[in-house]
Structures are given as structure tokens and as C-alpha cells.
Amino acid sequence: MNWEDGADRLVGPAADGEDQAVEAALRPKDLEEFIGQERVREQLDLVLRAARARGATADHVLLSGAPGLGKTTLSMIIAAEMGAPIRITSGPAIQHAGDLAAILSSLTEGEVLFLDEIHRMSRPAEEMLYMAMEDFRVDVIVGKGPGATAIPLELPPFTLVGATTRAGLLPPPLRDRFGFTGHMEFYEPAELERVLHRSARLLEVDIEPEGAAEIAGRSRGTPRIANRLLRRVRDYAQVKADGVVTRDVAAAALGVYEVDARGLDRLDRAVLGALLKLFNGGPVGLSTLSVAVGEERETVEEVAEPFLVREGLLARTPRGRVATPAAWQHLGLVPPQQGGGAPGQQGLFGV
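Residues numbered from 1 in each chain as written. Predicted model: local features only at pLDDT ≥ 70, side-chain atom pairs only at ≥ 80, totals over all residues. Heavy atoms only, no water.

For the rest of this paragraph, the subject is the pairing of strand β11 (residues 320-323). Across four bridges, strand β10 (residues 314-317) lies against β11 in antiparallel orientation. Its bridge partner lying in β11, L314 is registered against A323. (Pairing = 2+ DSSP bridges. Helix = DSSP H or I, 4+ residues; strand = E, 2+ residues; numbered from the N terminus.)

Taken as a whole and assessed by the stated rule, the structure comprises one aromatic pair. Judged by centre distance (5.5 Å) and plane angle (80 degrees), the rings of F136 and F158 are edge-to-face. Separated by 22 residues along the polypeptide, F136 in the loop between α5 (123-135) and β4 (137-142) and F158 in the loop between β5 (149-154) and β6 (159-164) bring together distant segments of the chain. Residue classification places F136 among the partly exposed positions, given a relative accessible area of 22%. For R220, the ring lying beneath its charged end belongs to F307, and the centroid distance is 3.9 Å. Here R310 stacks its cationic end above the ring of F186, 3.6 Å away from the centre of that ring. (Phe/Tyr/Trp six-rings, centres within 6.5 Å; stacked < 30°, edge-to-face > 60°. Buried < 20%, exposed > 50% of the residue type's maximum accessible area, 1.4 Å probe, protein only. Lys NZ or Arg CZ within 6 Å of the ring centre and 35° of its normal.)

Before going further, it helps to spend a moment on the side chain of S122. Within the secondary structure layout, S122 lies in the loop between β3 (112-116) and α5. A distance of 3.1 Å separates a polar atom in the side chain of S122 from the backbone oxygen of Q95. Ignoring sequence-local partners within four residues, the contact set of S122 consists of I94, Q95 and H96. (Polar contact = N/O pair within 3.5 Å; in protein donor to acceptor, adjacent residues only side chain to side chain. Contact = heavy atoms within 4.5 Å.)

As C-alpha cells, this is what we get:
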């Protein structure tokens, strides 16, 4: 199975076509309805209220954080709160400065331009964006060579909402032009339970509090994953039970889909299992671990490892990947004696 972009994983953060269709129906319409991200929500509310009071367009907004936390939803809420239309595009779609110039020149006054994955925009377009954000003007180059002429094009005031999963890749001149920067945090289980109850009402799913808690605990702190798991549990409840999502029904359903109590799926457990059983907990090199799992190096490093590290089950060290005591406990295995490991190796947690 291809895990490369996480699209085939039930607990992957990427959104497929089904997710996008369902998310459109489940998205909150205003900041008051938006669940979680209290700090970002409060700060953004002040920015938007002040802009409305001045009768001006809102400052440019940069939203950073992992996929599935609500960056696109917040961009739509910004447009709704300002009573403005929204234009949606992405960094990879803008490969030339002319692509960006065409979008900017067609904006209306006060319109919100949502630029997803802004860090993947081409450098020429990025440099054009500097002037557009600061002076609401772009220079369109006509002709080539010595005869080329720059024609200034005035733009109506607009609000750019940039979203990125890798804020560190944005050049400082671009980051500095955003009036507000918000970092989206992973959700607490209690917040995800509120998200699940709201989604269940909209999807007309009968869910008990214990069932919502069971799903929330396996959702990796991500609303998108929580909503996806809810739909799969709903299907199981309709076919195998009486349609009510209880704790037992949720646990049984997610057991069928190989999502365990901490949100690990088959790939995650395969990586941990190989590290513990074949290499005695490590340290082991990434390439060797990838071969043992039967996956590409990039798949293990970019798809599986981030969550395992965040959960404290795996550590990246200069000598290689090492399992933590929590990993042994999670898989129900007995760790080796201190000082154990492969011959000639010193364990990370032993002398």
C-alpha cells in the first residue's frame, strides 16, 4: 500500500475528496461557532472587530500549523466576518509571477485571498507578493530584454490569508508583511469531543459521550481525523449495532480499521514493532529501519515518525532511531535489561 502522502491512511492528516465534501458541510460559519484554538480565536476576533470599526480591510493573516487543524475554515470565517468574498488558491498553483498578477488584478475591494501552502510558491511570485501586500501595487513587465518595461498596476485593498504547514520555510520579508500570525495547536481530547458532538448533530448520528471520548482519544489531536473516524464508526454502528455510537461500538469499529487506543495504525505499529523486536529498541539507522518495515525511507520519516515522536514513543538521536520505554509498554513487550541492545551498542536509557 502506498503511504507516501498519508492519503490512504485513516489517521492521515491529508484530506481526500470525501473529506473535502464532508468538511464543507461541517465547517463552522463564524468565530463563535469555531471550537478550540482559544488564543488564536480571541486574537483574531480583536483584529477583525477593529477592522470593521475602522471601515477598513483586515490586516493580512498568516496561519501556521499541521494539516487538519482548521486553517482553511478560519480563512472562510475571516471572509464571512468581514462580509467579503473569498478567493481560494494554493502556492503550488502559482509557478510564475504572471499567475499571481492575474489573480491579484481580478480581486475586488476588501476581498479575501486565501493562499494555501504559501511556502511552496515560486520565488518570482513571492517577490511580487511583497509589493502587493505592502503597497497594493504590482509591476507588470511587458516585453523582454533591454526593451522590457515595467507598468505599475494599482490594486484594490484586499486581505491575504496565508496558510502553511512549515512556517520556517517562509522568508523573513514575507513573514514580516503579515499583520497577524496565528499558530494552530493540536486539540485536547475534550475539545475534540465537542467537535464530534457538533459533527454528529449535523450528520444525524446518535452518539453517547463515552463514544465521543473513545473516538477523540484516537484522533491524534486533529479535528479532520476525528470527523473521519466518526464517519467510519457511524457505518459500523449502522451495520453491526443499533446505530448508536457507544464506547464499545467505537472501540470495535476502530479495531476493525486497525486504529488503536492511542491513534496508531498499522504503519505506526510496524515501525515500532520492527524497532523493538528486530533491533532491541535501537539505535538503528533510518534506512535500515525502512527496509525492515518494507517502506520507503521518506514514508517512515515523514509519514510515521512525526506522530510517534510527538507521542513520546520514538526518539531521533545522532546514532539513529531509539524506542522509548513508553513504546515497549504500548506494544506490551518487555524491554531488555539496562545496557542491552545490539552487540557493542549502548542503550539510550541504560548504561
